[in-house]
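Summary of the model geometry
Here's the letter readout for the chains.
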Amino acid sequence: MSEKVTYGADPEFVLESLPYNSNLNFFSHDKKRKNRFGKDRGGIPLRELRPAPSKDPITITNSIRSILQRTYRAHPELDQTTFRAGSYWKKPLGGHIHICGGAWKNSVKILSNHSDYEEIYTSYCQKHINPFINLLDWGLAIPLFLVEFPPESHSRKKQGYGGLGSWRVNNFQLGIEYRTPPSWLVSPHMTLAVFSMVKLLTESFEKNPSCATYAKNCQDRDVKKKFKECNISYFNSLYPDIKIFITSLPSYSEYSDAINYLWDLIESNHYWNEEPDGWKTWGIKS
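Everything in this summary refers to the structure shown in the same document.

Cut-offs and rules
Residues numbered from 1 in each chain as written. Predicted model: local features only at pLDDT ≥ 70, side-chain atom pairs only at ≥ 80, totals over all residues. Heavy atoms only, no water. Core = buried A, V, L, I, M, F, W, Y, C linked by side-chain atoms within 4.5 Å. Buried < 20%, exposed > 50% of the residue type's maximum accessible area, 1.4 Å probe, protein only. Helix = DSSP H or I, 4+ residues; strand = E, 2+ residues; numbered from the N terminus. Contact = heavy atoms within 4.5 Å. 1 Å grid on protein atoms, 1.4 Å probe; cavity = no way out; pocket = protein on both sides within 12 Å on 5 of 7 lines; lining within 4 Å. Points joined across faces, edges and corners; volume = space filled by probe spheres on them. Nonpolar A, V, L, I, M, F, W, Y, C, P; charged D, E, K, R; others polar. Axes fitted to C-alpha atoms, helices over the stretch in contact; angles between N-to-C directions. Parallel < 35°, antiparallel > 145°, perpendicular 65-115°, else oblique. Left-handed = near helix turned anticlockwise from the far one by under 90°. Phe/Tyr/Trp six-rings, centres within 6.5 Å; stacked < 30°, edge-to-face > 60°. Pairing = 2+ DSSP bridges.

1. A word on the nonpolar core
Counting 74 residues, the largest nonpolar core has Ile99, Trp184, Met190 and Ile246 as the members making the most contacts within it. Ranked by the residues each element gives to this core, the list is headed by helix H3 (residues 118-145), at 11 residues. Non-local contacts of Trp184, meaning those with residues more than four positions away in its chain, are made with Ala9, Pro11, Ile64, Gly95, His96, Ile97, Met190, Thr191, Val194, Phe195 and Trp272.

2. What to know about empty space enclosed by the protein
Under the definition given, this model contains 1 cavity of 30 Å³ or more. Approximately 40 Å³ is the volume found for the largest cavity. Residue lining of the largest cavity: Phe83, Arg84, Ala85, Val186, Asn273, Glu275, Pro276, Asp277 and Gly278, and that is the complete set. Tallied by class, the residues present in the lining of the largest cavity amount to 4 nonpolar, 2 polar and 3 charged.

3. Quick notes on the packing of helix H5 (residues 188-207) against helix H8 (residues 252-267)
It is the contact of H5 with H8, at a shortest axis distance of 8 Å, that shows an interaxial angle of 130 degrees. Classified by the interaxial angle, the pair formed by H5 and H8 is oblique. The two elements H5 and H8 cross, and the hand of that crossing is left-handed. Of H8, the residues touching H5 (which contributes His189, Met190, Leu192, Ala193, Ser196, Met197, Lys199, Leu200 and Glu203) are Tyr252, Tyr255, Ala258, Ile259, Tyr261, Leu262, Trp263 and Leu265. A per-class count over the contact of H5 with H8 returns 13 nonpolar, 2 polar and 2 charged.

4. Structural notes on the packing of aromatic side chains
For the coordinates displayed, the defined rule picks out 11 aromatic pairs. With 4.6 Å between their ring centres and 10 degrees between their planes, Phe13 and Phe83 make a pair best called stacked. Placement of Phe13 in strand S2 (residues 12-16) and of Phe83 in strand S6 (residues 82-84) is noted, with a sequence separation of 70 residues between them. Side by side, Phe13 and Phe83 carry an identical accessibility label, which is buried. Seen from their ring centres, Phe149 and Tyr271 are 5.5 Å apart, and the 70 degrees between their planes marks the pair as edge-to-face. Of the two residues, Phe149 is situated in the loop between H3 and helix H4 (150-158) and Tyr271 in the loop between H8 and helix H9 (278-281); the sequence distance between them amounts to 122 residues. Among the residues examined, Phe149 registers a relative accessible area of 33% and is labelled partly exposed.

5. Looking at the packing of helix H1 (residues 57-74) against H5
When two helices pack together, their arrangement is given by the angle between the helix axes and the distance between those axes. Running from N to C, H1 and H5 cross one another at 145 degrees; their axes reach a closest spacing of 8 Å. Classified by chirality, the crossing of H5 by H1 is right-handed. Contacts between H1 and H5 involve Pro57, Ile58, Ile60, Thr61, Ile64 and Arg65 from the former and Pro188, Thr191, Leu192, Phe195, Ser196 and Lys199 from the latter. For the contact of H1 with H5, the class distribution of residues is 7 nonpolar, 3 polar and 2 charged.

6. Describing the pairing of strand S5 (residues 46-50)
The element S5 is extensively covered by neighbouring structure, given that 4 of its 5 residues are classed as buried. Strand direction decides the pairing type here: S2 and S5, joined by 3 bridges, are antiparallel. Each residue of the ladder has a partner; that of Phe13, found in S5, is Arg47.

7. Section: unusual backbone geometry
Positioned with a positive phi, Lys90 is a non-glycine residue whose angle comes to about 70 degrees. The residue Lys90 is located in the loop between strand S7 (88-89) and strand S8 (91-92) in this model. On the basis of relative accessible area, Lys90 is assigned to the exposed category, the value being 56%. The backbone phi angle of Cys230 is positive, close to 60 degrees, even though this residue is not glycine. When you line up the elements, Cys230 lands in the loop between helix H6 (221-228) and helix H7 (232-247). According to the relative accessible area criterion, Cys230 is buried, its value standing at 14%.

Structure, rendered in structure tokens:
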């Protein structure tokens, strides 16, 4: 089943000091690769990337690097800009993740067919969707929160973005869009760690849905409140259990090299965007 699942995204970022007359104020579309770089619907100064969906975290990371490289070379004015990702820069920044195909394709069809029947819709979500979203909150959103720059994280959540359990149906790609994470475009290492974690959690849930029962209930009102308030000490106290759970998953060894980058940041008390210019962290300019 997991072989049919693909992963995609539309992470947001800001190009600081981009000339107003740049044609990058519009979408640039590579039809052959279906890769896009351009303006987010939220308007200036937000931009977003849309790498082609893939089953492989390394392929997704490399696709993002290729989009950045091609666009940077084609637009000399980008040399004047600073590429800002993370949680907040003038506006909240999201790192929405698409999980599509496989069982999620069937979920979209069921939810779409019963969108007008609240009881059936709610019942299906509670049984099939919410446990998986809770697993993503536990295994991905909380670890990411622990490496976000606190003032930026607080600004994003204060404006109503990035709450635990945030998702919606992705009708276009037939799957779900997980909307809690901030923009992980801060570096290729973080991007690879994020998609490796998402794939590990998705495969683990597909093979054994009961694994989600080991995750703390992130939809508990008190937990959601602490997350919105950026209660770092509380979520630091949960970190040992999260790491034990993740590293005990049967397929963890396949993704450990990438995910270890995230553990190392947390355990060394470092933030993920200490180098503010994404052009540099992605190796696009020196």
